Amino acid sequence: MADISVNPRQARLEGQLCSLAFAFLSSQPHVSYAAVEKGELVVRTTRAHLVPFLTLLRDDPRYRFEQLMDLCGVDFPARPERFEVVYNLLSVTYNRRIRVVVCTDEYSSVPSVHHLWPCATWWERECYDLFGVLFSGQPDLRRILTDNGFEGHPLRKDFPLTGYEEVRYDVERRQVVKEPVSLTQDFRDFDFVSPWEGMLTLPGDEKAHEVRQGMKRSGQ
């Protein structure tokens, strides 16, 4: 029977994370959930306590989550508060991670954390652009991946798969036009042939071409 040994370092790290989860649940009334999931600590809090809690995680010497690695959104249309805003933090000091989650709806804003981590501006703009999540206190809340005149938010689950309209430059009219999106398949040719089959011999590859031709002749 194989001896399956537990990685001591991983076991020690998970023990530390479990201790943090217990500490948050017992000392932070606004924390509704804290547990270790797949080796990472996941904590759920409220919008009203988000900034003080993240400030605690960043500045308290017990935690030292100095870096905001990512901020993203998740859409659950069936829920009253359909959006989850997820903050992924890294402690360089202790080499551990935490995921902080808050919920919101289409109209209630989430406090911006750009004053804690300036890089949050980019991700808050992305979350606003793709999900429509509002961030109060964000001085530069603009679209970042779509056009300023774009309608809707592409990563919402109820966003049409083909979008609403496309913007293109019309050569004949010499202007930018907006038209309903159409995905015409009539003129697309799917031959399912590997692109390598039809590749021509490139300069300097003549010898390899001769070898290939010789292999083909010998195989006939």
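For the structure itself, look to the data block above.
Each chain has its residues counted from 1, running along the sequence as written. For this predicted model, a pLDDT threshold of at least 70 governs which residues receive local features, and a threshold of 80 or more governs which side-chain atom pairs are given and counted, while totals over whole chains, interfaces and linings are taken from all residues. Working from all heavy atoms in the structure, the side-chain values ignore hydrogens and water.

**Focus: the environment of Leu145**
Step number 1: For the purposes of this entry, the term helix denotes a DSSP run of H or I that reaches at least four residues, the term strand denotes a run of E that reaches at least two, and both are numbered from the N terminus. Within the secondary structure, Leu145 is located in the loop between strand 7 (135-136) and strand 8 (165-170).
Step number 2: Through-space distance from the C-alpha of Leu145 to that of Leu130 is 8.0 Å; in sequence the pair is 15 residues apart.

**What about the sheet that holds strand 4 (residues 83-91)?**
Step number 1: In this scheme, strands are said to pair when DSSP sees at least two bridges between them. Reading across the sheet, the five strands line up as 1-2-5-4-3 and stay open at both edges, with mixed pairing between neighbours. At either end of the open sheet lies a strand with only one pairing partner, and these are strand 1 (33-37) and strand 3 (67-75). Taking the axes of each pair of neighbouring strands and ignoring which way they run, one obtains an average angle of 20° across the sheet.
Step number 2: Alignment of strand 2 (residues 40-44) against strand 5 (residues 96-104), held across four bridges, turns out to be parallel. Orientation is described by lines fitted to C-alpha atoms, with helices fitted over the stretch in contact, and by angles between N-to-C directions that extend from 0 to 180 degrees.

**Topic: the nonpolar core**
As a rule of thumb, soluble globular proteins bury nonpolar side chains together.
Step number 1: Among buried residues, the Ala, Val, Leu, Ile, Met, Phe, Trp, Tyr and Cys ones that are joined through side-chain atoms within 4.5 Å form a nonpolar core. Each residue gets one of three labels from its accessible area relative to the maximum for its type: buried under 20%, exposed over 50%, partly exposed in between, using a 1.4 Å probe on protein chains only. One finds Phe24, Leu54, Leu57, Tyr87 and Ile98 to be the most contacted residues of the largest nonpolar core, which totals 35 residues.
Step number 2: When residues of this core are traced back to their parent elements, those giving at least two are helix 1 (8-27), strand 2, helix 2 (50-59), strand 3, strand 4, strand 5 and helix 3 (120-131).
Step number 3: We call two residues in contact when some of their heavy atoms are within 4.5 Å. Beyond its immediate chain neighbours, meaning those up to four positions away, Leu54 contacts Tyr87, Leu89, Val100, Val113, Leu116 and Trp117.

**What about the state of the cysteines?**
Step number 1: Disulfides are defined as cysteine sulfur pairs within 2.5 Å. Enumeration over the complete set of coordinates arrives at zero disulfides.
Step number 2: Summary of cysteine pairing: Cys72 is not part of a disulfide, and the nearest cysteine sulfur, belonging to Cys127, is at 7.6 Å.
Step number 3: The class for Cys72 is partly exposed, based on a relative accessible area of 27%.

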